[in-house]
Amino acid sequence: MKRKKVNTETTKTHRTVQPSVFSWDGDTLVLNILGKPSAKQNAIGKVKGHQLKVSVTAAPCAGKATDHMVRFLAGEFGVPTSAIEVVFGRMSVNKQLRIKAPKQLPAVIGQQELC
């Protein structure tokens, strides 16, 4: 039985583009997060793949780390906590947030916009 030869030229050109860390839906920022609970300090880290790394000091217990992250990010984006919606990942490190009309953007987001 003969094996089919794979044309590597077409597979290289048909790769899908990796999703961005964030996108805009009108004036709402949609942000993909890789959370790190029980960290030494609250911090927005570097981009890892298609996610922004965010560390928080809260322990991952019944969604408390996510709630803490929302409060922390509200301050970073200059919005009330009610302006941040957790789309998915409340009990997971992989999250997606929607931030309505952010007043300011952390440096890592501003750098990504320029690209």
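Residues numbered from 1 in each chain as written. Predicted model: local features only at pLDDT ≥ 70, side-chain atom pairs only at ≥ 80, totals over all residues. Heavy atoms only, no water.

Novice: Would you mind going over the pairing of strand 2 (residues 28-36) with me for this structure?
Specialist: Moving residue by residue along a regular strand, the side chains alternate between the two faces of the sheet. Burial of strand 2 is extensive: eight of the nine residues sit out of reach of the surface. Where strand 1 (residues 22-25) meets strand 2, four bridges bridge the pair, whose relative direction is antiparallel. By the bridge assignment, Ser-23 is partnered in strand 2 with Val-30. Joining the antiparallel neighbours strand 1 and strand 2 is a turn of two residues, in which Gly-26 adopts a positive phi near 70°. Where strand 2 meets strand 6 (residues 94-100), seven bridges bridge the pair, whose relative direction is antiparallel. Along strand 6, the bridge assignment pairs Ile-33 with Lys-95. In the sheet, strand 2 pairs with strand 4 (residues 51-55) via four bridges, with the strands oriented parallel. (Buried < 20%, exposed > 50% of the residue type's maximum accessible area, 1.4 Å probe, protein only. Helix = DSSP H or I, 4+ residues; strand = E, 2+ residues; numbered from the N terminus. Pairing = 2+ DSSP bridges.)

Novice: Can you help me understand unusual backbone geometry in this one?
Specialist: Among all residues except glycine, the phi angle is most often negative; among peptide bonds, the trans geometry is most common. Of note in this structure, Ser-38 is not a glycine but carries a positive phi near 55°. Relative accessible area serves as the criterion here: at 46%, Ser-38 is assigned to the partly exposed category. With a phi angle near 55°, Ala-62 is a residue other than glycine that sits in the positive phi range. Within the secondary structure, Ala-62 is located in the loop between strand 4 and helix 2 (64-77).

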